[in-house]
Amino acid sequence: MASIKESPEDFVVEEIPLGLEPSEAGRYWVLKVRLRSWDTNAFLIELADRLRISRKRITYAGTKDKHGITTQYFCINAPVDPGSIRIRDAEILEWFRTDRMLRLGDLVGNRFRVRISSASDLRGHVEETVREMLSKGGFPNFFGLQRFGSLRTNTHTVGKLLVAGDYEGAARRYLYDPELDTDEFRISFGQTGDMVRAMAEYPQGLKFERAIIGYALEHGTLLGAFNALPRNLAMMFVHAYQSYLFNLAVSRRLSDLGSLTEPLIGDICVPVDRYSNPSGNFIRVDRYNIEKIGRLCGEGRVRITAFLPGYSYEAAGGYQGELEAHILDSEGVSPGDFRVKGYPELSSSGSRRPVIASPVGFSFSGDNTLEFALGRGIYATSLIREIIKGCR
């Protein structure tokens with residue numbers, strides 16, 4: 001059976017930065033780092049510890065999971081010596097000063113080199129599949145499985161509990177998920193709720209779980225425990241739940257209509273660049289512009305969107321609006337719930353995301369290796385899943 005990520009070298013990613021200009025007198029240091037089997041948040045914490053600075057003084061453009069070799073940019077707001085940094089499985093390729101702090105999303109996209117493990121030459125299958133995919137406008141822009149946790153795919157269920165206001169339940173689900181976990185230390189906590197025992201049994205490497213447990217021991221409650229995590233990590237739970245709802249909307253639209261490129265009245269569309277990144281204002285489809293928008297969608301210059309629900313996102317009308325309202329109703333949540341009262345910093349106003357995307361510069365070599373680029377936030381695993389369906 002065809003698969004990917006059997007070794008880190010099978011999945012290589014390099015960020016394409018946006019507007020990152022060197023400046024000799026710049027206030028910030030930028031590091032270009034090649035990482036092997038490092039999760040972005042874990043590396044950030046290690047880097048901050050080595051430099052003896054707060055992790056809040058380090059920013060980055062994009063998050064990556066640990067299954068692969070990634071080249072990423074990190075920005076440091078502190079007087080440090082980049083040449084002195086020595087961290088295992090991390091190579092500092094370049095460093096320079098800049099005038100502007102790097103922010104999450106400061107990317108054009110990412111370049112990928114992915115080897116598919118298979119007993120046979122996949123060239124014919126891959127070329128035919130990609131040709132058909134591009135004739136349909138691209139591939140469904142699903143959030144990849146790693147969006148929901150690289151080892152325990154439950155970040156969205158934790159996020160749902162946060163949005164629902166069950167803050168203690170969210171922390172407990174993070175520590176132990178009865179639907180997923182088989183580790184004895186997690187099961188023990190689920191059965192006893194004993195925080196002292198949990199601190200003794202949870203491995204040292206589970207820094208974030210131990211931070212939650214440490215908070216509970218110090219404060220005598222799990223209420224407020226997500227304050228013990230880096231804000232960007234805690235925010236990922238809410239984002240994962242939004243991503244789950246987006247995936248539901250795309251899947252159901254595709255199932256109902258059979259196409260992701262034919263707009264309907266009430267849809268909200270957005271212009272995109274060649275990487276499928278939004279590049280203009282949202283456009284609501286009506287009876288006056290539907291013919292033009294349909295043509296632009298067919299040309300790949302405009303994309304239909306689905307919701308990333310939040311307390312003030314722009315709601316669609318027509319079929320898409322009814323679909324999104326039904327999803328929220330079936331989940332028992334409302335847009336206002338994304339204003340997370342117990343953790344205001346985790347609140348999300350929401351947005352919309354293109355339902356379909358296309359690879360740039362796609363090529364396939366004889367050793368079953370794919371090379372391509374994708375826009376920011378677009379998952380290579382979602383593209384590859386479409387390519388290797390039915391492969392042996």
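Thresholds applied
Residues numbered from 1 in each chain as written. Predicted model: local features only at pLDDT ≥ 70, side-chain atom pairs only at ≥ 80, totals over all residues. Heavy atoms only, no water. Phe/Tyr/Trp six-rings, centres within 6.5 Å; stacked < 30°, edge-to-face > 60°. Helix = DSSP H or I, 4+ residues; strand = E, 2+ residues; numbered from the N terminus. Buried < 20%, exposed > 50% of the residue type's maximum accessible area, 1.4 Å probe, protein only. Lys NZ or Arg CZ within 6 Å of the ring centre and 35° of its normal. Salt bridge = Lys/Arg side-chain N within 4 Å of Asp/Glu carboxyl O. Core = buried A, V, L, I, M, F, W, Y, C linked by side-chain atoms within 4.5 Å. Contact = heavy atoms within 4.5 Å. Polar contact = N/O pair within 3.5 Å; in protein donor to acceptor, adjacent residues only side chain to side chain. Pairing = 2+ DSSP bridges. Axes fitted to C-alpha atoms, helices over the stretch in contact; angles between N-to-C directions.

S.K.: How should I be thinking about the packing of aromatic side chains in this particular structure?
M.R.: The geometry of an aromatic ring pair is captured by two quantities: the separation of the ring centres and the angle between the planes. Taken as a whole and judged by the stated rule, the model has 16 aromatic pairs. For the ring pair Phe 143 and Phe 246, a centre distance of 5.5 Å and an interplane angle of 85° mean the geometry is edge-to-face. Of the two residues, Phe 143 sits in the loop between strand S7 (139-140) and helix H3 (155-163) while Phe 246 sits in helix H8 (residues 231-257), which places them 103 residues apart along the sequence. Here Phe 246 falls in the buried class, since its relative accessible area comes to 0%. Ring pairing ties together the aromatic residues Tyr 167, Tyr 174, Phe 226, Phe 237 and Tyr 343, which thus form one cluster. Sitting over the ring of Tyr 275, Arg 274 keeps its end group 5.2 Å from the ring centre. A cation over an aromatic ring shows up here: Arg 353 above the ring of Phe 246, its NZ or CZ 5.3 Å from the ring centre.

S.K.: Help me understand unusual backbone geometry, please; the structure alone is not making it clear to me.
M.R.: Both trends apply: most residues other than glycine have a negative phi, and most peptide bonds are in trans. Phi at Arg 52 is positive, roughly 60°, even though this residue is not glycine. Topologically, Arg 52 is positioned in the loop between helix H1 (40-51) and strand S3 (58-60). A positive phi angle, close to 70°, is found at Ser 276, a residue other than glycine.

S.K.: Would you mind going over the pattern of salt bridges with me for this structure?
M.R.: Following the criterion strictly, the structure yields 20 salt bridges and no others. Measuring nitrogen to oxygen at the nearest pair gives 3.0 Å for the salt bridge that ties Arg 50 to Glu 46. Of this pair, Arg 50 and Glu 46 both sit in helix H1, separated by four residues, roughly a single helical turn. For Arg 100, the salt bridge goes to Asp 106, with nearest N and O atoms at 3.1 Å.

S.K.: Help me understand the nonpolar core, please; the structure alone is not making it clear to me.
M.R.: Counting 63 residues, the largest nonpolar core has Leu 162, Ile 212, Phe 226, Leu 229 and Leu 245 as its most contacted members. Of the residues forming this core, the biggest block, twelve residues, is contributed by H8. Non-local contacts of Phe 226, meaning those with residues more than four positions away in its chain, are made with Val 158, Leu 162, Tyr 167, Ala 170, Ala 171, Ile 212, Ala 234, Phe 237 and Tyr 343.

S.K.: How do you make sense of the side chain of Gln 72 when you look at a structure like this?
M.R.: By secondary structure assignment, the location of Gln 72 is in strand S4 (residues 69-76). Reaching out from Gln 72, the side chain makes a polar contact with the backbone oxygen of Gly 62 at a distance of 3.1 Å. Separated by 3.1 Å, the side chains of Gln 72 and Thr 70 make a polar contact. With sequence-adjacent residues up to four places away left out, Gln 72 is seen in contact with Glu 15, Leu 31, Lys 32, Val 33, Leu 35, Thr 40, Gly 62 and Lys 64.

S.K.: What am I meant to see in the environment of Pro 140 here?
M.R.: Here Pro 140 is to be found in strand S7. Taking the C-alpha atoms as reference points, Pro 140 and Ala 357, separated by 217 residues in sequence, lie 6.6 Å from one another. Non-local contacts of Pro 140, meaning those with residues more than four positions away in its chain, are made with Val 250, Leu 254, Leu 260, Val 355, Ile 356, Ser 382 and Glu 386.

S.K.: Which parts of the structure should I look at to understand the sheet that holds strand S8 (residues 268-271)?
M.R.: Ordered by their spatial adjacency, four strands build an open sheet running S9-S8-S10-S11, and the pairing between neighbours is antiparallel. Each edge of the open sheet carries a strand with a single partner, namely strand S9 (283-284) and strand S11 (351-354). Across three bridges, S8 lies against strand S10 (residues 302-308) in antiparallel orientation. From the neighbouring strand, Cys 269 faces S10, where its bridge partner is Ile 304. Each of S10 and S11 touches H8; the most contacted strand, S10, lies at about 130° to it. Contacts from helix H9 (residues 290-298) reach S8, S9 and S10, with the element oriented near 95° to S10.

From the geometry alone we can't say anything about function, so treat these as descriptive.
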